[in-house]
Amino acid sequence: MRAHPSAADVTEYLTEAVALAQRNVAAGGGPFGALVVTADGTVHEGVNRVTRDNDPTAHAEVVAIRTAAAETRNFDLSGAVLYASCEPCPLCLAAALWARVDRVYFAADRHGAAAAGFDDALFYEYFGGSRPELLPVSHTPVPTSGNPFDAWRNNAERTDY
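Being a predicted model, the structure only gives us computed values, none of them experimental.

The number of helices and strands found in the chain is seven helices and four strands. The linear arrangement of helices and strands in the chain, starting from the amino end, is α-β-β-α-α-β-α-β-α-α-α. Projected onto its principal axes, the C-alpha coordinates of the chain cover approximately 55 × 40 × 30 Å. Sequence separation of 24 or more characterises 50% of the internal contacts of the chain that already satisfy a separation of 6 or more. For the chain, the accessible area works out to roughly 10,000 Å², and carbon and sulfur atoms hold 57% of it.

The next point concerns the nonpolar core. The biggest cluster of nonpolar side chains holds 19 residues, and the ones touching the most others in it are V36, I65, L77, L82 and V101. Secondary structure elements with two or more residues in this core: β1 (33-37), α3 (60-72), β3 (81-86) and α4 (90-98). Here this core takes five residues from α3, the largest share from any one element. A17, L20, V47 and Y105 belong to the second largest nonpolar core, which has eleven residues in total.

Next up on the list: the pattern of salt bridges. Evaluation of the coordinates by the stated rule reveals eight salt bridges. R66 is the salt-bridge partner of D55, the closest N and O atoms lying 3.6 Å from each other. Taken together, the residues span a long stretch of sequence, with D55 in the loop between α2 (50-53) and α3 and R66 in helix α3 at a distance of eleven residues. D160 is paired through a salt bridge with R158; the nearest N and O atoms lie 2.7 Å apart. Looking at D160, the relative accessible area reads 52%, which means it is exposed. Residues joined by salt bridges that share partners form a network here, namely E125, R131 and E133.

Let us now look at the environment of D53. Mapping D53 onto the fold places it in helix α2. D53 sits 24 residues away from G29 along the chain, and the two C-alpha atoms are 9.7 Å apart.

Turning our eyes to something else, we now look at the state of the cysteines. Evaluated as defined, the whole model comprises zero disulfides. Considering cysteine sulfurs only, C92 is the nearest to C89, which forms no disulfide, with 3.7 Å between them. With relative accessibility at 10%, the residue C89 sits in the buried group.

What counts, and at which threshold
Residues numbered from 1 in each chain as written. Predicted model: local features only at pLDDT ≥ 70, side-chain atom pairs only at ≥ 80, totals over all residues. Heavy atoms only, no water. Helix = DSSP H or I, 4+ residues; strand = E, 2+ residues; numbered from the N terminus. Contact = heavy atoms within 4.5 Å. Areas by Shrake-Rupley, 256 points an atom, 1.4 Å probe, with all protein chains shown as cover. Core = buried A, V, L, I, M, F, W, Y, C linked by side-chain atoms within 4.5 Å. Buried < 20%, exposed > 50% of the residue type's maximum accessible area, 1.4 Å probe, protein only. Salt bridge = Lys/Arg side-chain N within 4 Å of Asp/Glu carboxyl O. Disulfide = S-S within 2.5 Å.

Rendered as structure tokens:
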């Protein structure tokens, strides 16, 4: 894990993430921008492309993580820091966890996003366990359920992650 960024660096990167978000609105996208700064100091940008790409997962943070992983040719972004123009939603936090991002900073919070019409409060409630009816999920095993895991364990050429 790299050292914590200085307060000046955090402010600089968050200011750039906010500027990215604002430019994205002018270009017809959503009001979100993000940067992933990898351990070597390289900056990888992402903007919200949900409506542009008809991709509900194309949040700015996810796009920045995808960009960083592609440009570094590594799915493990350990040592990286994510800077977001707004508080990351549960999808984006999960992506940061899967990418092994070390730390996240954000400028605006979820309440500011909600006031602009981006309210993900129900998602936080769902993941907090208080609204399971939003997306019923059922475990239904079939006889072959474990076969992909057996194939994985037996694949000597796999790339662990």
